[in-house]
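Residues per chain, in single letters:
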Amino acid sequence: MHKIVYPFIAGYLVFILLLQTSAILPATWDEGEFARRVNSVQPADTFISEGHPQFPVILSAAGRLCSGKAYSKFEDKNSYRYGIIAFFSLAMGAVFYRLQKEFNVTTAIFGVVSVLLIPRLFAHCQIAAWDSTLTAAWLLTWAAESGKLITENKKWKILRHLLTGFLLGLTISSKFSGLAVLFPFYILAAIKTNIKKLSAVNFLLSILIVHCSLFITFTAVNPCVWHNPFGGIADWFCRNTHRDINIAVLFFGTMYDLHHSLPWWNTAAWTAITVPVGILFFFFCGLFVFWKDKSKRFFGLTLILNMLPLLVIRAFPGTPVHDGERMFLPAFAFLGIIAGIGAGRMTNDELQITDKVKKGKILRRVVAGLIYSTALANLFLFVPQWLSFYNAAIGGLQGAVKAGMEPAYWWDGFDKETIDWLYEHSEDGDNIAFSAGSVLSVRRSVVSLKFNGKTANIRRTFVVIPPDGTSDDLFNGRFRYYVLQCRPSAVFSRDEELMRTQTPVFEKKVRGVPVLKIYAVHRRDKPAG
C-alpha cells in the first residue's frame, strides 16, 4: 500500500473512534447553547455576548445535514458533534501526513496516538463547541506549513499564500484566542524569508496576499459581518475584550475570577497535572530530539512556536480564568505531537542518535509499550468523565481534590448512569431542580440539561435554581430532586447548607470522588436542622 493512503486511513480511524466514544460522553453546559445557535443560524445573527464566531456553528450544522440529522430532535446530542469530529479527524490525518513525511510511519502513529491519549483533549475534541474546532484548524495551519511563505516552485507560490490565509482565517474564525496563531506565523515567515535572503518588498507582498485571503475567509464564515465587515469585526473585538461573564475557578485552594487573576504559572501547572506522566516523559524526549538532531531543529521550532502562544497569553492578568486547560487546548495537541516524535525516536532504529542507544532496542520498545498502555488505561479508568482526569504527579483525582482543584467540569457528571437513576426514581410530571454556575448560565444550563436528558420519551421538567436562590426554594413542594454538581466554584451558600444538613440519595463518583450529588427535597417542608 502506498504511503499516501496512510493519512486517510489514520483520519478515518480517528473519526470512527471518536464517534463511538462520543455516544457515551455527556453533554457539557456549552453544548446546549451551541446547539441552540446551530438550530437558529441566520445570516444576520450577531455574535453572542462572549463573541464566539460562527465557523464551528456552521461546521456542526453541515455535519447534521450530511448525516441526515438536520431535522432530528434536539435531544440527539451526537448529531451536533458529527461535523466537529469530522473536522478534528481531518486535522489528525494532516498531522499523520506531516510526521510521516518528516520522519516515518511509526513516528506518525505515535504522534496521533499521543494526542488522543491526553484525556482532557480526547474529551474536548468530541464536544460540540468552539475549542475542538480551534485546535483542529490550528493543527491544519501548522501541517500545511503556514510559515513557509517562500516555495521553490513559483508557479504554486500564490496558491500557497491563499491556502495559508484560508487556514489562518478558519483558525481565527473558530475562537477569539485563535488570533494567537498569527504569532508563530509571523515569526516563521520572517525566518524562512531570511533564510532565502529575499527582499522586504517580497516578504510584505506575501504577507498582504495571505491577509487578504484571511479577511475574506473570516468574513465568509461569519455571516453576521456580511452586511458590515469592518464594523462587525470591531464588534467582535469589543465583545471579547469587554466580557461581562465572570466565572470563577478553584486553583490550588484559592478562588480566582476576572478580578483576581490566576498566577502566571497556571498554564504550566495545569499541563503538569492533567497530561499523563508518560506523555510528558516522551514530550521531553521529543525536545531532546530537536536539540540533538540539527536537521530536525526547524521542524521542532514550528511545533514549539505553535505550542507557546496560548500558554503565554493565558498567564497575562485579566484573561478568563474558568475551565482550566480548555483555554489553551491547542497547546496540548502540539505537546502530544512532540511526545510522538520522542516515542518514535526511542523505538525506531532509523532515528537513533548513537550506536550505544541502538543496543537496547527491545527494552526501549517494551518501555514505550508500557508507558502507552498506562496512558491508555487512564481513558478506561475515567470513562466517560475524561474532563476530571488528573495524573499520578498530583495523586490522581483524589490528590487533586486534596490540593484544592476542581473535581468536575460543567455537568459532565450528568451521564447515562445519573440520567437513568433520575428517571427510574421519578414520575412523569416531576420537577427536577439543578444547581447553576452563574446568573448568566441559568438559561444555558436549562438548555444543556434538556439536551442531555430523555425528554423525547419521558416527561420530566428540568429547572435550574438561580445562584441567589435560598434553600427554601427547594423545599416548597415544587421539586422532587435537587441535582448538585460538585464543583466548588459553582457551589453557593444554599448548596453548602444542603450538603451540611442532608444526605444525598445518589452520588456520581469518579475514582472514588463525588462529581455530582442528588438530594431528595420533596419530603420536607424546610431544611433539616
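Just so you know, these numbers come straight off a predicted model, no measurement behind them.

A. How the structure looks around the pairing of strand β6 (residues 506-510). Side chains F506, K508 and V510 of β6 all project onto a buried face; the interleaved residues E507 and K509 project onto a face where none is buried. Counting the residues in the hairpin turn of β6 and strand β7 (residues 513-520) gives two residues, including R511, whose phi is positive at 50°.

B. Quick peek at the nonpolar core. Among the nonpolar cores identified, the biggest contains 141 residues, and I337 and F434 are the most heavily contacted of them. Apart from the residues lying within four places of it in its own chain, the contact partners of I337 are V95, L99, G111, V115, L139, W142 and L303. In this structure, L474, F479, Y482 and L498 belong to the second largest nonpolar core, which totals ten residues.

C. Spatial organisation of the pairing of β7. Judged by how many residues are buried, β7 sits mostly within the fold: seven of eight residues are covered. Alignment of β6 against β7, held across five bridges, turns out to be antiparallel. Opposite K509, over in β7, you have P514 as the bridge partner.

D. Focus on the sheet that holds strand β4 (residues 461-464). An order of β4-β3-β5-β7-β6 is seen for the five strands of this open sheet, with the pairing classed as mixed. Unpaired on one side and paired on the other, β4 and β6 mark the two borders of the sheet. Averaged over neighbouring strand pairs, the angle between their axes works out to 20° when direction is ignored. Pairing analysis gives three bridges linking strand β3 (residues 431-434) to strand β5 (residues 481-485), with the strands arranged parallel. Within the sheet, the bridge partner assigned to I432 lies in β5 and is Y481. Packed onto the sheet, helix α19 (residues 416-424) meets β3, β4, β5, β6 and β7 and runs at close to 170° relative to β6.

E. Just the packing of aromatic side chains, in detail. What the rule picks out here adds up to 29 aromatic pairs. For the pair F328 and F332, a centre-to-centre distance of 5.5 Å together with 80° between the ring planes defines the contact as edge-to-face. F328 sits in the buried class, given a relative accessible area of 0%. Note on F332: relative accessible area 1%, which makes it buried. Each ring, one from F414 and one from F434, has its centre 5.3 Å from the other, and the planes form 90°; the classification is edge-to-face. Taken together, the residues F414 in the loop between α18 (396-402) and α19 and F434 in strand β3 connect sequence positions 20 residues apart. In terms of burial, F414 and F434 fall into one category: buried.

Criteria and thresholds
- Residues numbered from 1 in each chain as written.
- Predicted model: local features only at pLDDT ≥ 70, side-chain atom pairs only at ≥ 80, totals over all residues.
- Heavy atoms only, no water.
- Buried < 20%, exposed > 50% of the residue type's maximum accessible area, 1.4 Å probe, protein only.
- Helix = DSSP H or I, 4+ residues; strand = E, 2+ residues; numbered from the N terminus.
- Pairing = 2+ DSSP bridges.
- Core = buried A, V, L, I, M, F, W, Y, C linked by side-chain atoms within 4.5 Å.
- Contact = heavy atoms within 4.5 Å.
- Axes fitted to C-alpha atoms, helices over the stretch in contact; angles between N-to-C directions.
- Phe/Tyr/Trp six-rings, centres within 6.5 Å; stacked < 30°, edge-to-face > 60°.

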